[in-house]
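Structure at a glance
Listed here are the chains, written in short residue letters.
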Number of protein chains: 2
Amino acid sequence: MTLREIAELAGVSPSAVSRYLNGGSLSAAKYEAIDKVIKETGYVPNQVAHDLRTGRVRQVGILVPKIHSKSVSQVVEGAHEVLAEAGYMTVLGSLEHAPDSVGRYLDWMQAYHMAGAIVMAANDADVRNGTYKNCDIPLVVTGQHFKDCNCVYHDDFNAAKDLTKLLLKKGRTRIGCVSAPKTDPAVGVGRIEGVKAALWEAGFTPAPPTVISDFHMESGYEAMQQLLADHPDLDGIFCATDSMGQGAMMALKESGRRIPEDVSVVAFGNDWANQVSSPQLTTAELYQTQCGRDAASILLDILEKGSEPSYTRQIMLGYRIMERGSV
Amino acid sequence: MTLREIAELAGVSPSAVSRYLNGGSLSAAKYEAIDKVIKETGYVPNQVAHDLRTGRVRQVGILVPKIHSKSVSQVVEGAHEVLAEAGYMTVLGSLEHAPDSVGRYLDWMQAYHMAGAIVMAANDADVRNGTYKNCDIPLVVTGQHFKDCNCVYHDDFNAAKDLTKLLLKKGRTRIGCVSAPKTDPAVGVGRIEGVKAALWEAGFTPAPPTVISDFHMESGYEAMQQLLADHPDLDGIFCATDSMGQGAMMALKESGRRIPEDVSVVAFGNDWANQVSSPQLTTAELYQTQCGRDAASILLDILEKGSEPSYTRQIMLGYRIMERGSV
DNA sequence: AATTGTAATGAAATCGATTGCAAAAATCTG
DNA sequence: CAGATTTTTGCAATCGATTTCATTACAATT
């Protein structure tokens, strides 16, 4: 069923049908005739032809490091919510099985003339080699702060600082860290900087002993064992993510230490698992869903309100400390 | 930059450029000339125009009840993996903020002439009112079994039966259930049927006391309290999902019962939280990622191999019982 | 009744690719 | 080397919409 066929059936010109669909001056008689034919035939306009002619594609790409992860799925959910509301489709691109394909995905999205894209920046390598710059659709980066680039990110620094202050307030003075790979600037670097800042302000000058782990619970478990082997007297542990925090708690309990009597533990993410572990794990909650919503809103601002695209918008989101039994 | 401009710059006809892009007889000299111009200008063919002309859109829609959920994100991940590999984009549609819009999404996907769609059927209302039937792009339904419909689903019945047999093997004879709403045929009905079948075969004729809960931990907690109020002597609890299982364990512990000494608990889903709770929760793991992969593969079979579309394919996936401390 | 302004109408061009077809060029026969 | 065969080539039509523009119809004004 094409627009032309509808026009013939209704005895009008194609232009009239187009005006029926998109609004334009049309006599009541013709309107009715077209309406009737369309209802009868169940005609649906070909969106591809529409998009080609108008040059506007109501699709937004979202690039993520992987899909099945709490923070990622929350950001996607937030973005989808806002985009769907505004009539845009969300097109997914995951880097999990093709880690170096940010450029390929962006090319693809440009080829489709998509309205814009949201990029969850897991690492900043692509920013350094300029993948984002020479892209002629509007982009918003999430989870990481970059100069000259629309972005929505979390206050990892202060959240980590507050968690550390909480450890100090509980009388902990020998703090150790289970960190994440440095390739992730926000998680692997920013959070540890927050810890250091809190310790520095409290007068503890040497940097805290830190072991780098790779996000998983098992790896957090091993990292904790290593920390304990080198520094058996630690009494406060900062973990960069919840799963590593849970792994660390396992190692601590296994070593005979009591939480929080002997050691306090804090982590990051507010996963629901933290409520079922014993003790419950104290964490900082980041507003991931809001992050996705805000990224989408920025995009819509650029697309719909036609606001200055060269002006870069940056949004830093807050956090919430969830104090639980582990401190 | 359009194909025509490239043709002019290279001094050839548009057809030649098209042949360069899509493969077709072309002299070496012309090939080189076009290649040079394309490399210099960074030309990317307009995919929308391509799709309009060929009538083939390399996009597949995936309809989900919500995005941020373990099982959903796993299915999406599996589907995306297979689709991306085959050169298709994954377009997301979530029903969370527009519960009744399965039809609207399908219309949208048809308007875009997408290659196909994967539908995670959270409830079967849409099947009953035929939303899926009068859709002229190929569909694959996941998570639920339907006649005359491509689908990939789990063996909820036997998984639940095996979990129940495990309870029986541990000497539990007074079994209670925390179930899910009946609007979800697989989770809310199929799993309980499995429990009943196991009990029946073991000679326990009366149906087990069952309270319906709505998936969340809090609601599982309340359901368990109610079960205990009505049947204080229960010694084995079957929960239809992990989160409800964790809620149930909380209620049991709070009532002073010891797990697994006084009561055994089993649930469904193998969430990682089950490893950090104490005791660790025994569950059945379903292969959600595989479910997504299989759904995508069925679609690709229909699209690429052009296999009989009227022939419906049905795949039932297995499961794995993860026995842990809660039994 | 003549004039002016506004609303309605459809023919034709356009978006940016692909493709059938006939003509031209190159290659292969004997 | 003429003739048959195959490979290259570009013109023009096409996919299914939108949109400009010139024209017609109609109502309002003087």
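This section reports on the structure supplied with the text. (Residues numbered from 1 in each chain as written. Chains lettered and ligands numbered in written order. Predicted model: local features only at pLDDT ≥ 70, side-chain atom pairs only at ≥ 80, totals over all residues. Heavy atoms only, no water.)

**With respect to the side chain of Asp 242 of chain A**
Mapped onto the elements, Asp 242 of chain A comes out in helix H11 (residues 242-254). Within the local environment of Asp 242 of chain A, its side chain forms a polar contact with the side chain of Asn 274 of chain A, the two groups lying 3.0 Å apart. Sequence-distant contacts of Asp 242 of chain A, defined by excluding residues within four places in its chain, comprise Ala 267, Phe 268, Gly 269, Asn 270, Asp 271, Asn 274, Leu 281 and Thr 283 of chain A together with Trp 272 of chain B. (Helix = DSSP H or I, 4+ residues; strand = E, 2+ residues; numbered from the N terminus. Polar contact = N/O pair within 3.5 Å; in protein donor to acceptor, adjacent residues only side chain to side chain. Contact = heavy atoms within 4.5 Å.)

**Quick look at the protein's contact with DNA strand D**
Taken together, 22 residues are adjacent to DNA strand D, and Leu 3, Asn 46 and Arg 53 of chain A together with Arg 19 and Arg 53 of chain B come closest. Looking at DNA strand D alone, sugar and phosphate atoms form 61% of those within 4 Å of the protein. A distance of 2.4 Å separates a base oxygen of DNA strand D from a polar side-chain atom of Arg 53 of chain A. Ser 27 of chain B is positioned such that a nitrogen or oxygen atom in its side chain is 2.7 Å from a phosphate oxygen of DNA strand D. Secondary-structure elements contributing two or more residues to the surface near DNA strand D are helix H2 (14-22) and helix H4 (47-54) of chain A together with helix H2 (14-22) and helix H4 (47-54) of chain B. For the surface near DNA strand D, the leading source of residues is H4 of chain A, giving five residues. Here the residues of the surface near DNA strand D sort into seven nonpolar, 11 polar and four charged. (Near = heavy atom within 4 Å. Nonpolar A, V, L, I, M, F, W, Y, C, P; charged D, E, K, R; others polar.)

**Observations regarding the protein's contact with DNA strand C**
In the vicinity of DNA strand C there are 22 residues, among which Ser 25 and Arg 53 of chain A together with Leu 3, Asn 46 and Arg 53 of chain B approach most closely. Restricting attention to atoms of DNA strand C within 4 Å of the protein, one finds that 63% of them are sugar or phosphate atoms. Within the side chain of Asn 22 of chain B, one N or O atom sits 2.8 Å away from a phosphate oxygen of DNA strand C. Here Tyr 43 of chain B contributes a side-chain N or O atom positioned 2.9 Å from a phosphate oxygen of DNA strand C. For the surface near DNA strand C, the leading source of residues is H4 of chain B, giving five residues. Taken together, the residues that form the surface near DNA strand C break down as seven nonpolar, 11 polar and four charged.

**Observations regarding the relation of the copies chain B and chain A**
For the pair chain B and chain A, the superposition axis carries a translation of 0.0 Å, the fit reaches an RMSD of 0.1 Å, and the rotation angle comes to 180°. Seen this way, the second copy is the image of the first under a two-fold rotation axis. Both copies share a contact surface, since 100% of the interface residues of chain B are interface residues in chain A too. (Least-squares fit on C-alpha atoms with pLDDT ≥ 70 in both.)

**Overview of the nonpolar core**
In this structure, Val 76 of chain A together with Val 76 of chain B are the most contacted members of the largest nonpolar core, which totals 50 residues. Contacts of Val 76 of chain A, omitting those with residues within four sequence positions, involve Ile 62, Val 64 and Leu 92 of chain A together with Ile 67 and Leu 92 of chain B. Of all hydrophobic cores here, the second largest spans 48 residues; its members include Leu 139 of chain A together with Leu 95, Met 109 and Tyr 112 of chain B. (Core = buried A, V, L, I, M, F, W, Y, C linked by side-chain atoms within 4.5 Å. Buried < 20%, exposed > 50% of the residue type's maximum accessible area, 1.4 Å probe, protein only.)

**Digging into the interface of chain B and chain A**
Taken together, the contact pairs 53 residues of chain B with 53 residues of chain A. Carbon and sulfur atoms supply 68% of the area that chain B and chain A bury against each other, a total of about 4,500 Å² over both sides. It is Met 89, Tyr 112 and Trp 272 of chain B that lose the most area in chain B upon contact with chain A, and together they represent 15% of the buried surface on that side. Counting the contacts that link chain B with chain A gives zero salt bridges. At the junction of chain B and chain A, the tally comes to 17 residue pairs in polar contact (both at pLDDT 80 or more). At the level of elements, H4, strand E1 (57-64), helix H5 (70-85), strand E2 (89-94), helix H6 (102-111), helix H11 (242-254) and helix H12 (273-276) of chain B are the ones that each hand at least two residues to the side of chain B that touches chain A. (Buried area = accessible area lost by both parts, 1.4 Å probe. Salt bridge = Lys/Arg side-chain N within 4 Å of Asp/Glu carboxyl O.)

**Overview of the sheet that holds strand E11 (residues 314-317) of chain A**
Pairing in this open sheet of 12 strands is mixed, and the strands run E11(A)-E5(A)-E4(A)-E3(A)-E1(A)-E2(A)-E2(B)-E1(B)-E3(B)-E4(B)-E5(B)-E11(B) from one edge to the other. Strands at the two margins of the open sheet, each flanked by one partner only, are E11 of chain A together with strand E11 (314-317) of chain B. Averaged over all pairs of adjacent strands, the angle between strand axes in this sheet comes to 20°, irrespective of strand direction. (Pairing = 2+ DSSP bridges. Axes fitted to C-alpha atoms, helices over the stretch in contact; angles between N-to-C directions.)

**Here's the deal with the environment of Arg 174 of chain B**
Tracing the backbone through its elements, the reader meets Arg 174 of chain B in the loop between helix H8 (156-169) and strand E6 (175-179). Along the backbone, Arg 174 of chain B and Ala 160 of chain B are 14 residues apart, and their C-alpha atoms lie at a distance of 16 Å.

**Quick look at the side chain of Lys 161 of chain B**
Residue placement: Lys 161 of chain B occurs in helix H8. When neighbours within four sequence positions are excluded, Lys 161 of chain B is seen to be in contact with Gly 194, Val 195, Ala 197, Ala 198 and Glu 201 of chain B.

**Comments concerning empty space enclosed by the protein**
Counted by the stated rule, this structure contains one cavity of 30 Å³ or more. Put simply, the largest cavity is a space of about 70 Å³. If you trace the largest cavity, you find it lined by Val 48, Asp 51, Val 57, Gln 59 and Tyr 112 of chain A together with Val 48, Asp 51, Val 57, Gln 59 and Tyr 112 of chain B. Breaking the lining of the largest cavity down by element, the ones donating at least two residues are H4 and strand E1 (57-64) of chain A together with H4 and E1 of chain B. Its residues assigned to classes, the lining of the largest cavity shows six nonpolar, two polar and two charged. (1 Å grid on protein atoms, 1.4 Å probe; cavity = no way out; pocket = protein on both sides within 12 Å on 5 of 7 lines; lining within 4 Å. Points joined across faces, edges and corners; volume = space filled by probe spheres on them.)

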